[in-house]
Amino acid sequence: MVGADVKAWRARTGYSQKELQTELGLRSRTSISNLENQTSQISRSMELALAALEIAPLLRLNDGKEGREGRLISYPAISETEAREIYNQWRTGKFASEI
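Residues numbered from 1 in each chain as written. Predicted model: local features only at pLDDT ≥ 70, side-chain atom pairs only at ≥ 80, totals over all residues. Heavy atoms only, no water.

## So, the packing of aromatic side chains
Two measures describe an aromatic ring pair: the distance that separates the ring centres and the angle between the ring planes.
Here is step 1: By the definition in use, this model includes one aromatic pair.
Here is step 2: Between W9 and Y15 the ring centres are 5.3 Å apart and the planes differ by 15°, which places this aromatic pair in the stacked class. This pair shows no difference in class: W9 is buried, exactly as Y15 is. (Phe/Tyr/Trp six-rings, centres within 6.5 Å; stacked < 30°, edge-to-face > 60°. Buried < 20%, exposed > 50% of the residue type's maximum accessible area, 1.4 Å probe, protein only.)

This is how it looks when you write it as structure tokens:
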């Protein structure tokens, strides 16, 4: 995943740069801009954070959207195999999240 993929992810999930900055606990919005302009691979931890925000909505702060109340969504326990399959679907763009 490179910067352009992050920008596409943000567009697909409806996050503004400010909202994503807040979710990731980054100090400035320029961090997101710099990330989106990066031509090399983003860090594994950043990629996992984006996957988590999309796959597991309960991890979101205030549902990831300014001015919207968080909603509780429960997920049944899943096996490691199922988790890997979901992550691989997300990586290939085949995962349809519940946003």
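## Notes on the packing of helix α2 (residues 17–24) against helix α3 (residues 29–36)
Here is step 1: Remark: α2 packs on α3, axes separated minimally by 8 Å, with the N-to-C direction vectors making an angle of 105°. Judged on the interaxial angle alone, α3 and α2 are roughly perpendicular. For the pair formed by α2 and α3, the contact residues are Q17, K18, L20, Q21 and L24 on the first element and R29, I32, S33 and E36 on the second.
Here is step 2: Here the contact of α2 with α3 is composed, by residue class, of three nonpolar, three polar and three charged. (Axes fitted to C-alpha atoms, helices over the stretch in contact; angles between N-to-C directions. Helix = DSSP H or I, 4+ residues; strand = E, 2+ residues; numbered from the N terminus. Parallel < 35°, antiparallel > 145°, perpendicular 65-115°, else oblique. Contact = heavy atoms within 4.5 Å. Nonpolar A, V, L, I, M, F, W, Y, C, P; charged D, E, K, R; others polar.)

## So, the nonpolar core
Here is step 1: Counting 15 residues, the largest nonpolar core has M1, V6, W9, L20, I42, L50 and W90 as its most contacted members.
Here is step 2: Secondary-structure elements contributing two or more residues to this core are α1 (3–13), α3, α4 (44–55) and α5 (80–91).
Here is step 3: Among the elements that make up this core, the one with the highest residue count is α4 (five residues).
Here is step 4: The residues touching V6, leaving out its near neighbours within four places in the chain, are M1, L35, E36, I42 and L50. (Core = buried A, V, L, I, M, F, W, Y, C linked by side-chain atoms within 4.5 Å.)

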